[in-house]
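In case you want the letters, here they are:
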Amino acid sequence: SAVMKGFGVPLHFEDLGHLVLPTKAEGDVVLAVASYLKNVGTDSPIFSLKSEESTFELGRRFADQSSELISIWKQEVDDANSRVQGHWEEVQRKQQLAAQLRNDIANLE
């Protein structure tokens, strides 16, 4: 798919040469996988323990094309903005209360 274009796997075809397999059929499968890996390459490997940047990029691509995830993100942003507004209103309420209390104290003196 277009989301996966340009990514590889964190396995080098040379690493498969260390396998000891009991049957020729299994060996043939490993040779086919090694051939595939050699042709496709391992640039920008996803799910690699060496570097997570490619995996994050894959996640960004997937999220950017997912209307469901975009909708969830927009709802989260709206909810966060509502919380910020609610907190600010509480700060303003407390500031007004503090000003009123200072005024009441000044009138007592």
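Now for a look at the structure at hand.

Each value, and the rule that gives it
- Residues numbered from 1 in each chain as written.
- Predicted model: local features only at pLDDT ≥ 70, side-chain atom pairs only at ≥ 80, totals over all residues.
- Heavy atoms only, no water.
- Helix = DSSP H or I, 4+ residues; strand = E, 2+ residues; numbered from the N terminus.
- Rg over C-alpha atoms; globule rule 2.2 N^0.38 Å.
- Buried < 20%, exposed > 50% of the residue type's maximum accessible area, 1.4 Å probe, protein only.
- Contact = heavy atoms within 4.5 Å.
- Areas by Shrake-Rupley, 256 points an atom, 1.4 Å probe, with all protein chains shown as cover.
- Lys, Arg positive; Asp, Glu negative; His and termini not counted.
- Charge placed at Lys NZ, Arg CZ, Asp CG, Glu CD.
- Patch = residues over 30% accessible without salt bridge, like charges linked within 9 Å, V, L, I, M, F, W, Y side chains within 5 Å.
- Salt bridge = Lys/Arg side-chain N within 4 Å of Asp/Glu carboxyl O.
- Expected span 1.5 Å × (residues − 1).
- Arc of directions from axis to C-beta.
- Axes fitted to C-alpha atoms, helices over the stretch in contact; angles between N-to-C directions.
- Parallel < 35°, antiparallel > 145°, perpendicular 65-115°, else oblique.
- Nonpolar A, V, L, I, M, F, W, Y, C, P; charged D, E, K, R; others polar.

Describing the overall build of the protein chain
A count of helical and extended segments in the protein chain gives 3 helices and 0 strands. Helices and strands appear in the protein chain in the N-to-C order α-α-α. Over its C-alpha trace the protein chain gives a radius of gyration of 29 Å, far above what one expects of a compact globule, namely 13 Å for 109 residues. Seen through its principal axes, the protein chain has C-alpha atoms that stretch 100 × 30 × 20 Å. By residue count, 13% of the 109 residues in the protein chain fall in the buried class. Within the protein chain, residue pairs in contact and separated by at least 24 positions form 63% of the contacts whose partners lie at least 6 positions apart. A total accessible area of about 9000 Å² is found for the protein chain, and carbon and sulfur atoms account for 59% of it. Across the protein chain, the mean location of the 11 positive side-chain charges is 3 Å away from that of the 17 negative side-chain charges.

Looking at a nonpolar patch on the surface
On the surface, a cluster of nonpolar side chains totalling about 260 Å² of accessible area is made up of Phe 62, Leu 69 and Ile 72. Considering the arrangement of structural elements, one finds Phe 62 in helix H2 (residues 53-65).

Points about the pattern of salt bridges
Overall, the coordinates contain 6 salt bridges when judged by the stated rule. Two residues, Glu 53 and Arg 60, come together in a salt bridge whose shortest N-O distance is 2.8 Å. A relative accessible area of 45% places Glu 53 in the partly exposed class. Exposure remark for Arg 60: the relative accessible area of 39% places this residue in the partly exposed category. In this structure, Glu 90 and Lys 94 form a salt bridge, with 3.8 Å as the shortest nitrogen-oxygen distance.

Thoughts on the side chain of Ser 54
Tracing the chain through its elements places Ser 54 in helix H2. The exposure class assigned to Ser 54 is buried, which follows from its relative accessible area of 14%. Those residues in contact with Ser 54, other than ones at most four positions away along the chain, are Phe 7, Ser 44, Pro 45 and Ile 46.

Topic: helix H1 (residues 24-40)
Each α-helix winds once per 3.6 residues, and so residues spaced three or four apart point in a common direction. The end-to-end C-alpha distance of H1 is 24 Å, a good match for the 24 Å that 17 residues give at a rise of 1.5 Å each. Within the sequence span of H1, burial applies to Val 30, Ala 34 and Leu 37. Axial view of H1: buried residues confined to an arc of 60°, hence all on one face. Seen from the buried face of H1, the exposed residues on the opposite side, beyond 90 degrees, are Lys 24, Ala 25, Val 29, Leu 31, Tyr 36 and Asn 39. Looking one or two places after H1, you find Gly 41, whose phi comes out positive at around 85°.

Things to note about the packing of H2 against helix H3 (residues 67-108)
Across the interface, H2 lies against H3 with an axial gap of 5 Å and an inter-helix angle of 90°. Relative to H3, H2 is oriented roughly perpendicular. Across the interface between the two elements, Phe 62, Ala 63, Asp 64 and Gln 65 from H2 touch Ser 67, Leu 69 and Ile 70 from H3. In terms of residue class, the contact of H2 with H3 is built from 4 nonpolar, 2 polar and 1 charged.

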